[in-house]
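Listed here are the chains, written in short residue letters.
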Amino acid sequence: MPSRFSIVQGDITTQAVDAIVNAANNSLLGGGGVDGAIHHAAGPNLLEECRTLGGCETGGAKITKGYNLPAKFVIHTVGPIWQGGNHNEEKLLANCYRNSFALARKHHIGTIAFPSISTGVYRFPIERASRNALQEIFQELETNTNLERVVIVCFDRATYEAYLATEKELAKTN
Ligand code: AR6
């Protein structure tokens, strides 16, 4: 298991990393859940910058400054809404991680924190979402040697335990 990876339970807005990832919606103009928490902690300048971005497609990612957050950058990505599994949800979720990492490489980001994208309001089943997330993260850690640390920040206990279980399961098969 790569030692540059960790799973924690907590609030992503307090993470002292180069970039935190936001699970946003297509408008990028704020919402509830982790999106609301990030905008609240970053302050109104974040929304102002987001207004200039013209939204974001599902699976895509856009970057802004972090304003009042400890993180220098926010990478806004839009996860898929779970619609039963036959609407390209797995691929779109993988794209969230891939496109977030592409921006991280471009901006020389060494430390990055992700929330559990799509598993809140967008109802992506946690077992599948966590497997998808961890596979993408491990692949990036293998190939991107400038990436110092990736943290998954789980807000609630059940999400935290699900990610830990998936990590164990993947360790067995690798
Ligand atoms: N830190 C870390 N994780 C958090 C925090 C936090 N402060 N707050 C909530 N979570 P969700 P989605 C967890 O619904 O499913 C928004 O309205 C939460 O417990 O935030 O991708 C957007 O604008 C859950 O485990 O994101 C979109 O409309 C995880 O973050 C929509 O929700 C993701 O839940 C996106 O839905």
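Counting starts from 1 at the beginning of each chain's written sequence and moves along it residue by residue. Reporting of local features is limited, given that this is a predicted model, to residues whose pLDDT is at least 70; pairs of side-chain atoms are given and counted only at 80 or more, and all residues count toward the totals for whole chains, interfaces and linings. Note that the side-chain values use all heavy atoms of the structure and ignore hydrogens as well as water.

A. Layout of the site of the ligand. Throughout, the term near means that a residue has one or more heavy atoms lying within 4 Å of the molecule or strand in question. Of all residues adjacent to the ligand, which total 22 residues, the nearest are Gly 32, Asp 35, Ser 118, Gly 120 and Val 121. N or O atoms within 3.5 Å of each other form a polar contact, as long as, within protein, one can give a hydrogen and the other can take it, and as long as residues adjacent in sequence are counted only when both atoms are side-chain atoms. Within the side chain of Asp 11, one N or O atom sits 2.9 Å away from a nitrogen atom of the ligand. For every accessible area listed, the method is Shrake-Rupley and the probe measures 1.4 Å; residues are considered covered only by the protein chains on display. Summarising the interface, the protein chains cover 91% of the accessible area of the ligand, which totals 700 Å² for the free molecule. Given that more than half its atoms are within 2 Å of the pocket grid, the ligand belongs to the largest pocket. Lining residues are defined by having an atom within 4 Å of a point belonging to a cavity or pocket. Those points lie on a 1 Å grid over the protein atoms alone, cavities being sets where a 1.4 Å probe fits but cannot get out and pockets being open sets with protein on both sides within 12 Å along at least five of seven lines. Each molecule is assigned to a cavity or pocket provided more than half of its atoms lie within 2 Å of the corresponding grid points.

B. Main features of the layout of surface pockets. Grid points are joined across faces, edges and corners, and a volume is the space filled by probe spheres set on the points. Taken as a whole, the largest pocket encloses approximately 540 Å³ of empty space. Counting only elements with at least two residues in the lining of the largest pocket, the list comes to β2 (19-24), α1 (33-42) and β6 (149-154). Note that Gly is not counted as nonpolar here; it falls among the polar residues with everything else outside the nonpolar set of Ala, Val, Leu, Ile, Met, Phe, Trp, Tyr, Cys and Pro and the charged set of Asp, Glu, Lys and Arg. Split by residue class, the lining of the largest pocket holds eleven nonpolar, ten polar and three charged. Numbering goes from the N terminus for both helices and strands, where a helix is a DSSP run of H or I of at least four residues and a strand is a run of E of at least two.

C. Highlighting the packing of aromatic side chains. Any two of the Phe, Tyr and Trp rings considered here, Trp counted by its six-membered ring, make a pair once their centres fall within 6.5 Å; the pair's planes then place it as stacked at under 30 degrees, edge-to-face at over 60, or tilted in between. Scanning the model with the defined rule gives four aromatic pairs in all. Residues Tyr 97 and Phe 114 carry aromatic rings whose centres are separated by 5.0 Å and whose planes lie at 35° to one another, so their mutual orientation is tilted. Taken together, the residues span a long stretch of sequence, with Tyr 97 in helix α3 (residues 89-106) and Phe 114 in strand β5 (residues 111-114) at a distance of 17 residues. Taking relative accessible area as the criterion, Tyr 97 reaches 0% and is therefore assigned buried. The rings of Tyr 97, Phe 101 and Phe 114 are connected pair by pair, giving a single aromatic cluster. Using a 1.4 Å probe on the protein chains alone, a residue whose accessible area is under 20% of its type maximum counts as buried, one over 50% counts as exposed, and one in between counts as partly exposed.

D. Up close: the sheet that holds strand β1 (residues 5-9). Pairing between strands requires that DSSP locate at least two bridges from one strand to the other. With mixed pairing, the six strands of this open sheet are ordered in space as β1-β6-β5-β2-β4-β3. Both outer strands of the open sheet, β1 and β3 (61-65), are each paired with one neighbouring strand and no more. With direction set aside, neighbouring strand axes in the sheet form an average angle of 25°. Direction of pairing for β1 relative to β6: parallel, over a ladder of five bridges. What sits directly across from Val 8, in β6, is Val 153. The strands touched by α3 within the sheet are β2, β3, β4 (73-78), β5 and β6, with β4 carrying the most contacts at an inclination of about 155°. The contact definition used throughout considers only heavy atoms, calling two residues in contact when any of these lie within 4.5 Å. Angles shown run from 0 to 180 degrees and are taken between the N-to-C directions of axes, each axis being a line fitted to C-alpha atoms and, for helices, limited to the stretch in contact. Most of the contacts of helix α5 (residues 157-173) go to β1, to which it runs at about 155°, and overall it touches β1 and β6.

E. Highlighting the pairing of β2. Counting buried positions along β2 yields five of six residues, so the element is predominantly enclosed. Two elements, β2 and β4, share six bridges in a ladder whose sense is parallel. Each residue of the ladder has a partner; that of Ala 23, found in β4, is Thr 77. Summarising the sheet, β2 and β5 pair through two bridges and their orientation is parallel. Its bridge partner being in β5, Ala 19 is matched across the sheet by Ile 112.

F. Representation of α1. Regarding α1, the residues found buried are Asp 35, Ile 38, His 39 and Ala 42. Viewed along the axis of α1, the buried residues span an arc of 95°, placing them on a single side of the element. Among the exposed residues of α1, those oriented more than 90 degrees off its buried face are Gly 33 and His 40. In this structure, the buried side of α1 is in contact with β2, α2 (44-51) and β4. Just past α1, the residue Gly 43 takes up positive phi, approximately 95°. Directions drawn from the helix axis to the C-beta atoms are what define this arc.

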